[in-house]
Amino acid sequence: MRSAEDLGSSHGRRLRRGVLEDGRQVFAKIGAASDVFASEAAGLRWLGEAITVPEVVEVGPDRLVLSWVPEEPPTAGAAGRFGADLARLHRAGAAGFGAPWPGFIADLPMDNSPAGDWPDFYATRRVLPFLRRARLPARDVALVERAVERLPEVSGPPEPPARIHGDLWSGNVLWSGGTGVLVDPAAHGGHRETDLAMLALFGLPYLDRVMRAYEEEFPLAPGWRERVPLHQLHPLLVHVVLYGGSYRDALMNAVTRVLSL
């Protein structure tokens with residue numbers, strides 16, 4: 001790099017804004033050797049087949065270098081374009097539920113090996129592995145397991161695998177070029193309602209405009225609003241694992257709503 005600016009750190013990795021010898025601006029994550037970097041690069045390239053994402057400039061065992069995304073304030077128009085872009089991403093589809101690269105969310109590994117249908121994938125690759133790590137009381141564990149048992153009957157009409165971001169909270173949407181640009185994916189073939197439930201969980205500017213444009217481009221199956229807490233079980237369990245019991249109440253509220261479906 002011709003120059004570099006320190007942007008702090010995240011999950012133990014140093015963040016840099018740099019300028020290459022050819023004048024391109026880049027964003028770099030640098031840290032201990034990990035499969036996380038290759039996984040993120042693979043996910044970005046895959047998502048980039050359908051929508052605009054940062055270009056992977058370089059990836060190695062201890063770093064990931066991406067094209068710089070110049071940010072701008074969100075607007076209602078940008079939210080509408082992002083909603084349509086997200087719908088097109090999901091409609092691009094996937095070969096199956098899962099992905100051919102190791103999965104991670106933050107630094108936590110996720111099993112991306114394929115499953116025959118989405119309820120099986122979500123139960124065995126997402127919810128139950130994190131439930132085992134969450135150190136919840138036995139009564140809570142039993143309730144989550146009951147909710148998981150209901151997945152086949154409450155997950156809605158079967159849909160083909162969607163091409164999803166997999167960790168779509170507002171911090172992973174950068175407003176740039178008149179739309180939302182996706183970063184930090186946990187990309188895999190999954191259920192498209194998972195991305196939308198993640199946006200609802202932590203909020204996004206102009207989310208109503210995003211959803212309206214999404215539905216115009218790729219209408220959702222009836223009952224999707226009632227299924228939102230089902231798709232929030234995994235991210236809430238991730239937060240219990242990462243941050244402890246402060247997320248327990250939100251998790252168990254979602255469980256109760258799933259059990260009432």
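Look a little higher up for the structure.
Notes on the structure follow. Numbering of residues starts from 1 in each chain and follows the order in which that chain's sequence is written. Where local features are concerned, this predicted model is filtered to residues with pLDDT of at least 70; where side-chain atom pairs are given and counted, the filter is 80 or more; whole-chain, interface and lining totals use all residues. The side-chain quantities take in all heavy atoms of the structure and omit both hydrogens and water.

## Some words on the layout of surface pockets
Here's step 1: Whether a set of points on the 1 Å grid over the protein atoms alone is a cavity depends on a 1.4 Å probe fitting there but being unable to get out, while an open set qualifies as a pocket with protein on both sides within 12 Å along at least five of seven lines; lining residues are those with an atom within 4 Å of a point. Grid points are joined across faces, edges and corners, and a volume is the space filled by probe spheres set on the points. Roughly 840 Å³ of internal volume is contained in the largest pocket.
Here's step 2: S10, H11, K29, N172 and D184 are, among the 35 residues lining the largest pocket, the residues nearest its centre.
Here's step 3: Contributions of two or more residues to the lining of the largest pocket are made by β1 (3-10), β2 (13-19), β3 (25-30), α1 (36-47), β5 (63-67), β6 (103-105), α6 (192-202) and α8 (228-243).
Here's step 4: If one sorts the elements of the lining of the largest pocket by residue count, α8 sits on top with four residues. Working definition: helices are DSSP H or I runs of at least four residues, strands are E runs of at least two. Numbering for both runs from the N terminus.

## Digging into the sheet that holds strand β4 (residues 56-60)
Here's step 1: Across the sheet, five strands lie side by side as β1-β2-β3-β5-β4; this open sheet has antiparallel pairing. In this open sheet, the two strands that pair with only one neighbour each are β1 and β4. Geometrically, the sheet is characterised by an average inter-axis angle of 15° between neighbouring strands, direction not taken into account.
Here's step 2: Two strands pair if DSSP finds at least two bridges between them. The pairing of β1 with β2 spans six bridges and is classified as antiparallel. Across the sheet, residue S10 finds its bridge partner in β2, namely R13.
Here's step 3: Any pair of residues with heavy atoms lying within 4.5 Å of one another is described as a contacting pair. Interaxial angle, 0 to 180 degrees, is taken between N-to-C directions of lines fitted to C-alpha atoms, where a helix line uses only the stretch in contact. Against the sheet, α1 engages β2, β3, β4 and β5, with an angle of about 150° to β4.

## A short note on the packing of aromatic side chains
Here's step 1: Ring geometry is summarised as follows: Phe, Tyr and Trp rings, the Trp one being its six-membered ring, pair when their centres sit within 6.5 Å, and such pairs are stacked at plane angles under 30 degrees, edge-to-face over 60 and tilted between the two. Applying the stated criterion across every chain yields a total of six aromatic pairs.
Here's step 2: A centroid spacing of 6.4 Å and a plane angle of 50° characterise the contact between F27 and W68, whose relative ring orientation is tilted. A residue pair is termed long-range when its members are at least 10 positions apart, and F27 in strand β3 and W68 in the loop between β5 and α2 (76-92) qualify at 41 residues.
Here's step 3: The rule is simple: take the accessible area with a 1.4 Å probe, protein chains only, and divide by the maximum for that residue type; under 20% is buried, over 50% is exposed, in between is partly exposed. Given the relative accessible area of 24%, W68 is considered partly exposed.

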